[in-house]
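The primary structure of each chain is shown beneath.
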Amino acid sequence: MNNATREQPTPVAITMGCPAGIGPEIICRLFGDSDLPVSRQAVVAGDVAVLRQAASRLGMAMGIEPWLPGQPLAEGVIPVLQVGPPRTEPVHWGRPDAAANRVMGQCVEEVVRLVAAGACSGIVTCPISKKGLQAAGYPYPGHTEMLAALTGSPKVRMMMAGPRLKVVLVTIHVALGQVAGLLTQAEIIECIGMTRAALRHDFALPASRIAVAGLNPHNGESGLFGDEESRVIAPAIASFATDTVSGPWPPDTIFHQAASGQYDAVIAMYHDQGLIPFKLLHFQDGVNVTLGLPLVRTSVDHGTAYDIAGKNLADPSSLAAALTMAQTIVANRCRGGDACTQAC
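Keep in mind that what you see is a predicted model, and the values were worked out from it rather than measured.

Another point: the nonpolar core. Judged by nonpolar contacts, the single largest core of 94 residues is most densely connected at I14, I27, M159, I267, M269 and L319. The biggest single contributor to this core is helix α12 (residues 317-335), with 9 residues. Apart from residues lying up to four places away in sequence, I267 is in contact with V168, V170, C191, I192, T195, I210, A211, V212 and A213. Grouped together as the second largest cluster of nonpolar side chains are 15 residues, M158, L165, A211 and V266 included.

Okay, structure coming up:
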C-alpha cells in the first residue's frame, strides 16, 4: 500500500464495452445517479468523445474529463482514461464499426495493465460483441477467455452472483448434446474447489454450504434416465466434507432451496441449468464474477443490446451491482490478507 491510497482508495476500472452498444449509456447513468454512490471510487477506460456523445443523448450535463493513473478523483465528473486514438466521428448506435471493435479489446488490455501496475484495484466490464472482438483480430470467444490469456490463468470459472442465489457452472458455452461427455470427476472437483475458495476469500463465507446439482431429471431415477449422478458427480462430491458440499440434488428443486437460504452456492452442470433460475431471480441485478483470475473481475450479466442503444432505455442496475460487488470483493480480499491495492 502506498501513501496515495491512504488518502483515497484505489479505484475500480470500468471498461466502456462496445462503443455502439449500451455500455456508454449505462456508465453515464451510473455516474449521474446520486442514489448510486459506488461510482465515486471508479474510473472508466474508454473514449471521452463517445461518453460525451452518450451523455448528450441522455440530456446529462455531467462533466466527462480525461484521467491519468494516480490522479485524484474529482466529484461530479466521469474520469476517463482515453484508450486508443480519440474518436473523431460520432458513434452510430447499434452499428459498431472497425474502430469500435478495436477499442473493445484495447480497453480490456489497458485495465489489466492498470491493475498489474497498482493503479486500479479491480475490473468491471461492460458488454462487448464477441463477433466484433474477433473481427478486430482478438482470437477469443469473449471477455473471460481474453482475461485468462492476458493474466496467464490456466483455468477460470463463471459464477453468477446475486443477493439470493450464486451459481457456478461446470461446463459453459458448449452444445447441450456435448455436456454429458465433458463432465468428469476432475472438472467437478476443480469447480467445487474454486467455488469454495471464492466464497471464503471473495464473499467472506469461511463456512460455506455448497449444493451440487445432478444432470438428469430426478437425478437419473436410479439409472433410468442416465447414470452420470452415480458414475461421475457423486464420486466427485465424496472428495469433500459432507457438511460443506452435498448432492447431487435433483435440478428441479435445488435452486429453490438455495434461493431460500439453505445453501450459499449451487454447482450447475451446464449453462442453462444454472442461468435460467438465476436470471429468473436476478435479471436486473445479477453479476458475472470470474473465478480463477489473479485480479478481481466482475461484469454485467447482459449483452450489448444494440436494439435499444442510443434510445435512453438502458438500465444501469446490473452495472451498479457489478461495481458494488467488485468493491466488496477487493475489500474482502484485503481484509483476508490477499494482495491488496485498496486503502484498508
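A few words on helix α3 (residues 48-58). If you check which residues of α3 are buried, you get V48, V50, L51, A54, A55 and L58. For α3, the angular spread of buried residues about the axis comes to 165°, placing them on one side. Packed against the buried residues of α3 are α2 (23-32), β2 (42-46), β3 (63-66) and β4 (77-82). Of the residues flanking the start of α3, the one acting as N-cap is D47, its side-chain oxygen 2.9 Å from the backbone nitrogen of A49. Positive backbone phi, at 75°, marks G59, one or two positions downstream of α3.

Further remarks concern the environment of M159. With respect to the helices and strands, M159 occurs in strand β6 (residues 157-161). When sequence neighbours within four positions are dropped, the list of residues in contact with M159 reads K166, V167, V168, T195, A198, L199, F203, V287, N288, V289 and L291.

Below, the discussion takes up unusual backbone geometry. The step from G247 to P248 runs through a cis peptide bond, and the omega angle for that step is -5°. Turning to its location among the elements, P248 is positioned in strand β9 (residues 245-249). Although it is not a glycine, H218 sits at a positive phi angle of roughly 55°. With respect to the helices, strands and loops of the structure, H218 is situated in the loop between β8 (210-213) and α9 (228-237). On the basis of relative accessibility, which here comes to 48%, the residue H218 falls in the partly exposed class. Residue A305 is not a glycine yet carries a positive backbone phi of 50°. Relative to the elements of secondary structure, A305 occurs in the loop between β12 (297-300) and α12.

This part takes up the packing of helix α10 (residues 251-259) against helix α11 (residues 271-282). Orientation of α10 relative to α11, taken along the N-to-C sense of each, is 40°, at an axis distance of 11 Å. Judged on the interaxial angle alone, α11 and α10 are oblique. Crossing handedness for the pair α10 and α11: right-handed. Counted together, P251, F255 and A259 of α10 and Q273, G274, P277 and L281 of α11 form the full contact between these two elements. A breakdown of the residues in the contact of α10 with α11 according to their chemical character gives 5 nonpolar, 2 polar and no charged.

Burial along β8 is two-sided: the residues I210 and V212 and A211 and A213 are all buried. Sheet analysis places β8 next to β9, joined by 3 bridges and oriented parallel. In the strand pairing of β9, A213 is matched with W249. With respect to chirality, the unit in which β8 leads through α9 into the neighbouring parallel β9 is right-handed. Examined bridge by bridge, β8 and strand β10 (residues 265-268) share 3 bridges and lie parallel to one another. If you follow A211 over to β10, its bridge partner there is V266.

Counted according to the given criterion, the structure contains 0 aromatic pairs. One cation-aromatic arrangement involves K166 over F203; the distance from NZ or CZ to the ring centre is 4.9 Å.

How two helices sit against one another is set out by the angle between their axes and by the gap between those axes. Across the interface, helix α8 (residues 185-201) lies against α9 with an axial gap of 9 Å and an inter-helix angle of 35°. Between α8 and α9 lies a crossing of right-handed hand. For the pair α8 and α9, the contacting residues are Q185, I188, I189 and I192 in the first and R231, V232, I233, P235, A236 and I237 in the second. Of the residues contributing to the contact of α8 with α9, the split by class is 8 nonpolar, 1 polar and 1 charged.

This part covers the layout of surface pockets. Each pocket or cavity is described by its volume, and for the largest pocket that value is around 780 Å³. As for the largest pocket, its lining consists of 34 residues, and the residues nearest its centre are T144, M158, I172, H173 and N288. Among the elements of the structure, α6 (143-151), β6, α11 and β12 are those that each provide at least two residues to the lining of the largest pocket. Among the elements that line the lining of the largest pocket, the one with the most residues is α6, at 4 residues. Within the lining of the largest pocket, the residues separate by chemical class into 14 nonpolar, 12 polar and 8 charged.

The rules behind each value
- Residues numbered from 1 in each chain as written.
- Predicted model: local features only at pLDDT ≥ 70, side-chain atom pairs only at ≥ 80, totals over all residues.
- Heavy atoms only, no water.
- Core = buried A, V, L, I, M, F, W, Y, C linked by side-chain atoms within 4.5 Å.
- Buried < 20%, exposed > 50% of the residue type's maximum accessible area, 1.4 Å probe, protein only.
- Helix = DSSP H or I, 4+ residues; strand = E, 2+ residues; numbered from the N terminus.
- Contact = heavy atoms within 4.5 Å.
- Arc of directions from axis to C-beta.
- Polar contact = N/O pair within 3.5 Å; in protein donor to acceptor, adjacent residues only side chain to side chain.
- Axes fitted to C-alpha atoms, helices over the stretch in contact; angles between N-to-C directions.
- Parallel < 35°, antiparallel > 145°, perpendicular 65-115°, else oblique.
- Left-handed = near helix turned anticlockwise from the far one by under 90°.
- Nonpolar A, V, L, I, M, F, W, Y, C, P; charged D, E, K, R; others polar.
- Pairing = 2+ DSSP bridges.
- Right-handed = clockwise from strand over helix to strand, strands pointing away.
- Phe/Tyr/Trp six-rings, centres within 6.5 Å; stacked < 30°, edge-to-face > 60°.
- Lys NZ or Arg CZ within 6 Å of the ring centre and 35° of its normal.
- 1 Å grid on protein atoms, 1.4 Å probe; cavity = no way out; pocket = protein on both sides within 12 Å on 5 of 7 lines; lining within 4 Å.
- Points joined across faces, edges and corners; volume = space filled by probe spheres on them.

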